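So you can see what is in the structure, the chains are spelled out below.
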Amino acid sequence: MPRGRHGSRVSALVGGREEEAPPEAATVPSSLLQSPQQTEAAAEQILLRGIFEIGRGSCDVVLSERALRWRPVQPERPAGDSKFDLLCKEEFVELKDIFSVKLKRRCSVKQQRSGTLLGITLFICLKKDQNKLKSSTLDLINLSEDYCDVWFRQFKKILAGFSNRPKSLKILLNPQSHKKEAIQIYCEKVEPLLKLAGIKTDVTITEYEGHALSLLEECELQGFDGVVCVGGDGSASEIAHALLLRAQKNAGMETDQILTPVRAQLPLGLIPAGSTNILAHSLHGIPHVVTATLHIIMGHVQPVDVCSFSTPGKLLRFGFSAMFGFGGRTLALAEKYRWMSPNQRRDFAVIKTLAKLKTEDCEISFLPLNSSQNVQDGRAQGSPRSDCDDQWQRIQGQFLNVSIMAIPCLCSVAPRGLAPNTRLNNGSMALIIARNTSRPEFIKHLKRYASVKNQFNFPFVETYIVEEVKVHARNNTSGYNPEEEDEPPKTTSGNSCPWNVDGELMEVASEVHVRLHPKLISLYGENMEEINDSKVTCNCL
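Here the structure is a predicted model, which means the values were calculated and not measured. (Residues numbered from 1 in each chain as written. Predicted model: local features only at pLDDT ≥ 70, side-chain atom pairs only at ≥ 80, totals over all residues. Heavy atoms only, no water.)

Draft legend 1. Summary view of the overall build of the chain. Within the chain, the regular secondary structure consists of 11 helices and 23 strands. Each of the 541 residues in the chain was classed as buried or not, and the buried ones make up 52%. Considering only intrachain contacts with a sequence separation of at least 6, the fraction spanning at least 24 residues in the chain is 70%. By element, 48% of the accessible surface of the chain is carried by carbon and sulfur atoms, the whole surface being about 26100 Å². (Helix = DSSP H or I, 4+ residues; strand = E, 2+ residues; numbered from the N terminus. Buried < 20%, exposed > 50% of the residue type's maximum accessible area, 1.4 Å probe, protein only. Contact = heavy atoms within 4.5 Å. Areas by Shrake-Rupley, 256 points an atom, 1.4 Å probe, with all protein chains shown as cover.)

Set out below in C-alpha cells:
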C-alpha cells in the first residue's frame, strides 16, 4: 500500500464498497476541533471539516490549505489498549498531488447519465518507486448531495489554482514510430488520463517526415499551454527544433545563422513510443508512458540545454545529442533497411558497421567549459568566447567515433547514459572521442555502456566538458563506397559525412559547428539529478 510522506499507511486509497450504504453527513462536535498536540497541520487554515467514510470506516476529515487529513472516528480509549493510538493514526494526502476530482455515483445499465450519489473520488499522482509515477484514487463516501457539493466545489477551486498545470495541449502523434503503436498507446494510456484531468486536446497525426516541422511553422499556438509529442527520439527532436525555429521567427530573428537564440515559448511533453526513447528516458529516468503523462498533467516543467548544429553561415538544426563516425555510419546503414523491424535493423547495422569498422580523418576544435561562467536565464553569462582563438583546443587524427551530448542520453543499452557525466541543464556538453584502435578493444568499449563499469576507462577514449565543438572531416570520402556496400544509402551522397542527431540522419559535406545553448527549451518532467548515481545492470549488448 502507498504511504504518506511521514510513513503513515494510506489504506483509504482502496475506497469504500458501493453496495454498502455509507452514513449520512454528521455534525462534528466542537470539542473535536481542538487537537491534543500542536502540529504544523494545526497551524494551517482549515477550509472544511466533516465526516466521510473512508475504507469502510467513518473518519474525521479536515481540508486545509495544503493537505487533506483524516483519522478514524473512535470512542474513548479503552483501558490498557496499546493498539488504540496506532488505529487512530492520522493519514493525509497533499493537495499538490491531486489532479482531478469527480462525484462518485452508482450507475446501473438503465441509468444513462447519473445514479445514486455515493460521495467524492479524488485522483492522486503517487510516486511508485524511484522514478515511476502512477495514478490512484481516494473515495470520500457520503450520501448527502448538498454536503458533497460543498466539498466538490472547494476541491475544484483548489485545482483551478494550480496555474502551472496545462489546460489545453497540442498533440502531435507519429503513427510510424517503432512498432507503429503510438496511436494505441495514446488512446489507451494517455488520452484517458488527460480527459480525467480536464485537459483539452487537439490531436494531429503526422503523415510524413518533416510534417510536424511544417505544421508548427504555421499553426496557431496561442491557445495552447504546451505541445506533446507521441513518438520516438526523431519525432521529439523534430518538434523541439520546430518550436525553437518558431521562437526565433516570432522574435524577428533570421534563422540562417543564430548565435544567441531565444527560448521556446511553449513547453514540450514527451510520450515515449519509439525504439530507444533516449530523450524521455533521460528526462524522467524511465521510459514509462504513464509517468510521462502524469508529469504533463501535474505541470512539472524542467529547463533543458540544447545544441545548435551549423555549417559556416547556415543553421542546420537544433538538437540534444549527436554522433559522428561509427554512430553516424550505423544510422546511415540502418536507414537503408527500413523494411526490417526497428530492433532487427539496429542490430544488423551495428554488426555490419563493426565488421567494416572505419576511422574518420578529422580535426576537432573545442572550447572547454569556463567554470567561472554562470548559467542564468537560459544563456551563459559572460563575454562571448568564440572569437578568442587562444582558448580553443585542437586535436587531429584517425577517430572511430565522436559523440557530442548535452544530455545524459539514458537508454536500454546504456542505463547509466551515453554521457553519464553531464546533466539536463548544467550548461555544458560532453565531448567523447574514441581514437583508432583494434576492433576487439572498440567492442569492449561499447559493451561497457551496458554495465556499471566505466566505459571511458580505455587508453583510446578521451572525454572533455565543453561549450562549443567544431568537427572538420579532412577527407570527403566519408560516404559509403558503392563497391563496398550492396548500394549506397539513398540519402547519403558520396562526399558527405553521416551524422546521427537524436536518432535522425543528417548529412554534412563541410565543417560542423556545435554550440551549447543553456536552458533553451522547457520539457515536462522533474529534475533527475540523482538518476546516474543509481546502480543498474543491463545485458543488452
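Moving on, there is more to tell.
Draft legend 2. Representation of the nonpolar core within the structure. By size, the foremost hydrophobic cluster in this structure holds 53 residues, and its most contacted members are I239 and L268. Look past the residues within four positions of L268 in its chain and what remains in contact with it is V227, C229, A236, I239, A240, L243, S522, L523 and Y524. (Core = buried A, V, L, I, M, F, W, Y, C linked by side-chain atoms within 4.5 Å.)

Draft legend 3. Highlighting the pattern of salt bridges. Summed over the entire model, instances satisfying the criterion amount to 16 salt bridges. Here R105 and E145 are joined by a salt bridge, their closest N and O atoms 3.3 Å apart. Highlighted residues: R105 in strand β5 (residues 98-106) and E145 in helix α3 (residues 145-160), separated in sequence by 40 residues. We note a salt bridge from R515 to E468, for which the minimum N-O separation is 3.8 Å. Separated by 47 residues along the polypeptide, R515 in strand β23 (residues 512-524) and E468 in strand β20 (residues 461-473) bring together distant segments of the chain. For the pair R515 and E468, one class covers both residues: buried. (Salt bridge = Lys/Arg side-chain N within 4 Å of Asp/Glu carboxyl O.)

Draft legend 4. Structural context of the packing of helix α5 (residues 211-218) against helix α6 (residues 233-250). Between α5 and α6, whose axes approach to 9 Å, the crossing angle comes to 25°. The pairing of α5 with α6 is recorded here as roughly parallel in orientation. As α5 runs across α6, the sense of the crossing is right-handed. Facing α5, whose interface residues are H211, A212, L213, L216, E217 and E218, α6 presents E238, I239, H241, A242, L243, L245, R246 and K249. For the contact of α5 with α6, a count of residues per class yields seven nonpolar, two polar and five charged. (Axes fitted to C-alpha atoms, helices over the stretch in contact; angles between N-to-C directions. Parallel < 35°, antiparallel > 145°, perpendicular 65-115°, else oblique. Left-handed = near helix turned anticlockwise from the far one by under 90°. Nonpolar A, V, L, I, M, F, W, Y, C, P; charged D, E, K, R; others polar.)

Draft legend 5. The arrangement of the side chain of N277 in detail. Mapped onto the elements, N277 comes out in the loop between β11 (268-272) and α7 (278-284). A polar contact is formed between the side chain of N277 and the backbone nitrogen of A273, at a distance of 3.3 Å. (Polar contact = N/O pair within 3.5 Å; in protein donor to acceptor, adjacent residues only side chain to side chain.)

Draft legend 6. Layout of helix α4 (residues 182-196). Under the 1.5 Å per step criterion, the end-to-end length of α4 is 20 Å for 15 residues, consistent within 8% with the ideal 21 Å. At V190, α4 shows its largest bend, some 40°, and a proline, P192, comes one to four positions later. Within the span of α4, buried status applies to A182, I185, Y186, V190, L193 and L194. (Expected span 1.5 Å × (residues − 1). Bend = angle between axes of the 7 residues up to and from the residue.)

Draft legend 7. Focus on the environment of G525. Mapped onto the elements, G525 comes out in the segment after β23. When the C-alpha positions of G525 and P303 are compared, they lie 9.0 Å apart, and in sequence the two are 222 residues distant. What G525 contacts, discounting residues up to four positions off in sequence, is L283, H284, H295, H300, V301 and Q302.

Draft legend 8. The arrangement of unusual backbone geometry in detail. Unusually for a residue other than glycine, N277 sits at a positive phi of about 55°. Using a relative accessible area of 10% as the deciding quantity, one classes N277 as buried. With a phi close to 60°, C409 is a non-glycine residue in the positive phi region. As for its position among the elements, C409 is in the loop between β18 (393-405) and β19 (429-435).

Draft legend 9. Seen up close, the packing of aromatic side chains. Under the counting rule described, the total for this entry stands at 12 aromatic pairs. Geometrically, the ring pair formed by F52 and Y147 is tilted, given 5.4 Å between the ring centres and 40° between the ring planes. On the criterion of sequence distance, the pair formed by F52 in strand β1 (residues 46-54) and Y147 in helix α3 is long-range, its members being 95 residues apart. The buried category is assigned to F52, whose relative accessible area is 0%. Here F99 and F123 contribute two aromatic rings whose centre-to-centre distance is 6.4 Å and whose plane-to-plane angle is 45°, an arrangement assigned as tilted. Taken together, the residues F99 in strand β5 and F123 in strand β6 (residues 116-127) connect sequence positions 24 residues apart. On the basis of relative accessible area, F99 is assigned to the buried category, the value being 5%. Accessibility expressed as a relative area gives 15% for F123, which makes it buried. Joined through ring pairs, the aromatic side chains of F52, Y147, W151 and F155 make up one cluster. Across from the ring centre of F92, 5.1 Å away, lies the NZ or CZ of R69, which sits over that ring. Positioned above the aromatic ring of W392, the side-chain terminus of K470 is 4.8 Å from the ring centre. (Phe/Tyr/Trp six-rings, centres within 6.5 Å; stacked < 30°, edge-to-face > 60°. Lys NZ or Arg CZ within 6 Å of the ring centre and 35° of its normal.)

Draft legend 10. Structural detail: the pairing of β1. Alignment of β1 against strand β2 (residues 57-64), held across eight bridges, turns out to be antiparallel. Opposite R49, over in β2, you have V62 as the bridge partner. Count of turn residues in the β1/β2 antiparallel hairpin: two residues, of which G55 carries a positive phi of about 60°. (Pairing = 2+ DSSP bridges.)

Draft legend 11. Molecular detail of the confidence of the model for the chain. With 77% of its residues at a pLDDT of 70 or more, the chain shows a mean pLDDT of 81. Per-residue pLDDT stays below 50 along residues 374-384; that stretch engages in 18 contacts with residues further than four places along the chain or on separate chains. (pLDDT = per-residue confidence, 0-100.)

Draft legend 12. Inspection of the environment of K104 at higher detail. Along the chain, the position of K104 falls in strand β5. According to the relative accessible area criterion, K104 is buried, its value standing at 13%. When the C-alpha atoms of K104 and L117 are compared, they prove to be 6.1 Å apart, with 13 residues separating the residues in sequence.

Draft legend 13. Structural context of a nonpolar patch on the surface. Nonpolar side chains collect at one region of the surface, where I183, V203 and I205 lie side by side and expose about 220 Å² of accessible area between them. Relative to the helices and strands, I183 resides in helix α4. (Patch = residues over 30% accessible without salt bridge, like charges linked within 9 Å, V, L, I, M, F, W, Y side chains within 5 Å.)

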